[in-house]
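# Survey of secondary and tertiary structure
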Amino acid sequence: MMKRILLFVFGLTCMTLSAQNIQYTKVDSIVVMKLLQDALKLDKDNNLIIHFSHQLLDIPYVAKTLEVNKSEQLIVNLRQLDCTTFVENVMALTLCANNGKTSFEDFCKYLRLIRYRKGVVSYPTRLHYFTEWIEDNTQMNFVKEIQQPDSVFTQVQTLAINFMSTHSNLYPMLADNPLMIKDIEITEENLTGRQFRYIPKEEISNTDAMRNAIQDGDIIAITTKKKGLDTSHIGFAIWHLDGLHLINASQIHKKVVEEPMTLYDYMQKHPSQKGIRIVRWIKDSTYSSPCVFDVGFRN
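Summary of the structure given here. What you are looking at is a predicted structure, and each value in this text was computed from that prediction instead of being measured. (Residues numbered from 1 in each chain as written. Predicted model: local features only at pLDDT ≥ 70, side-chain atom pairs only at ≥ 80, totals over all residues. Heavy atoms only, no water.)

## What to know about the packing of aromatic side chains
Just so we agree on the cut-off: In summary, the pairing rule links any two rings of Phe, Tyr or Trp, Trp by its six-membered ring, whose centres are within 6.5 Å, and it sorts them by plane angle into stacked for under 30 degrees, edge-to-face for over 60 and tilted for everything else. A helix here means a DSSP run of H or I that spans at least four residues, while a strand means a run of E at least two residues long, and both kinds are numbered starting from the N terminus. Using a 1.4 Å probe on the protein chains alone, a residue whose accessible area is under 20% of its type maximum counts as buried, one over 50% counts as exposed, and one in between counts as partly exposed. Two thresholds decide whether a charge sits over a ring: the Lys NZ or Arg CZ must be within 6 Å of the ring centre and within 35 degrees of the ring normal.
Tallying each qualifying case throughout the model produces 5 aromatic pairs. Between Tyr 24 and Phe 104 the ring centres are 4.8 Å apart and the planes differ by 50°, which places this aromatic pair in the tilted class. Highlighted residues: Tyr 24 in the loop between β1 (22-23) and α2 (26-39) and Phe 104 in helix α5 (residues 104-115), separated in sequence by 80 residues. The exposure class of Tyr 24 is partly exposed, given its relative accessible area of 22%. Seen from their ring centres, Phe 104 and Phe 107 are 6.2 Å apart, and the 15° between their planes marks the pair as stacked. One end of the pair is Phe 104 and the other is Phe 107, both in helix α5 and 3 residues apart, which spans about a single turn. Given a relative accessible area of 0%, Phe 104 falls into the buried group. Owing to a relative accessible area of 0%, Phe 107 belongs among the buried residues under this scheme. Site record: aromatic cluster; members linked through ring pairs are Tyr 24, Phe 104 and Phe 107. The ring of Tyr 110 carries Lys 109 above its face, with NZ or CZ at 4.6 Å from the centroid.

## Here's the deal with the packing of helix α4 (residues 83-98) against α5
Keep this limit in mind: Comment: axis = line fitted to C-alpha atoms, over the contacting stretch for helices; angle = value between 0 and 180 degrees taken between N-to-C directions. With respect to orientation, any angle under 35 degrees is reported as roughly parallel, any angle over 145 as roughly antiparallel, any angle of 65 to 115 as roughly perpendicular, and every other angle as oblique. In this scheme, a crossing is called left-handed if the near helix is turned counterclockwise away from the far one by less than a right angle; it is called right-handed if the turn is clockwise. Contacts: residue pairs with any heavy atoms within 4.5 Å of one another. Polar here means any residue outside two lists: the nonpolar Ala, Val, Leu, Ile, Met, Phe, Trp, Tyr, Cys and Pro, and the charged Asp, Glu, Lys and Arg; Gly therefore counts as polar.
Interaxial distance between α4 and α5 falls to 9 Å at its minimum, and their mutual angle equals 130°. By the angle between their directions, the pair α4 and α5 is classed as oblique. As α4 runs across α5, the sense of the crossing is right-handed. Residues Thr 85, Glu 88, Asn 89, Met 91, Ala 92, Leu 93, Leu 95 and Cys 96 of α4 form the contact with α5, whose participating residues are Asp 106, Phe 107, Tyr 110, Leu 111, Ile 114 and Arg 115. Here the contact of α4 with α5 is composed, by residue class, of 9 nonpolar, 2 polar and 3 charged.

Next comes the structure, spelled out in C-alpha cells:
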C-alpha cells in the first residue's frame, strides 16, 4: 500500500516547516498529505483507526527511531516504525482526518501532542511509559481507558515503575545526560502504586462479552511481568470470525502486520505477557492549539 502511494505522489510539492526541532524527509511529508487527502473521500462511518493502520501495513519494523539525535526533536518517520511510533502515527492521522485537517503542519501538531507531555518537546517530557501516555492523551481528550469492574476486566495491575532509571545505560540520551535521570525518576514515582484493570491473557475469548468490551480500532496495551515496566507492546484491535487479532509493528515479522493468529494464541507464545489493557479513541475529540513547536515548557 505504501509503495503504491509513494509512486503516485512524488509529483506533489513538499510543505516545509520553519521550526528547527522537527526532523522529517520530503517522502514523509508527501505520504502524510496524500493519506489525509484520500481520507476526505471516505464514508463518514469508516473506522479511521483501522483505515490508517491498513495503509501502513508492510512498513519495516525498526527499533529506536526516536533515539538518533543528541538533542530531542519531533521526529516524523513513516518509513520505519516500532510498535509505539506506529500507534502514534495512526493516531495523528486519525485526529487530522476526523477534524478535516490535511496539512503536514497539522499532522505534526497532533503528533507532538500525542508523543509529549502537554506537547512539550524534550526527552524527559516524552511519554516513555505507556501508562503516562494514556493519562496525558486522556487529558487531551484524545482517548479514554476502558475500566469496567463488572466485566471481562477481571484482574488489577499495580504499577511498580523504575526500568528506565535503573537501566539508564540502555538509553543513549540518559547515558549522555545523567542529570535527566532525576526527571525520569519523578515520572516513575508518580506512576508507581497506581492500579488498572486488565483482561488476563488466559481469558481472551471470542464471546459476546469480549466483543462488547473491545472494539475494532481500540489500542491494546499488553501488560508484562518484566520488572519495572507497565506494558511491553501495543497495537490495534481488530475482530475476525475466529476471534480478536492485533495490528502492530512486529519485531517478529519485521514489519507492520495484521497478525494471522488470534491475540489469544499470540500471547500464549510470550510467557512474560500477562494480559491486555484497552484504550479507546474518542471519535468526537477536538483539540485547538497553535502549531507551535517549542522545546521548553509552555505557560
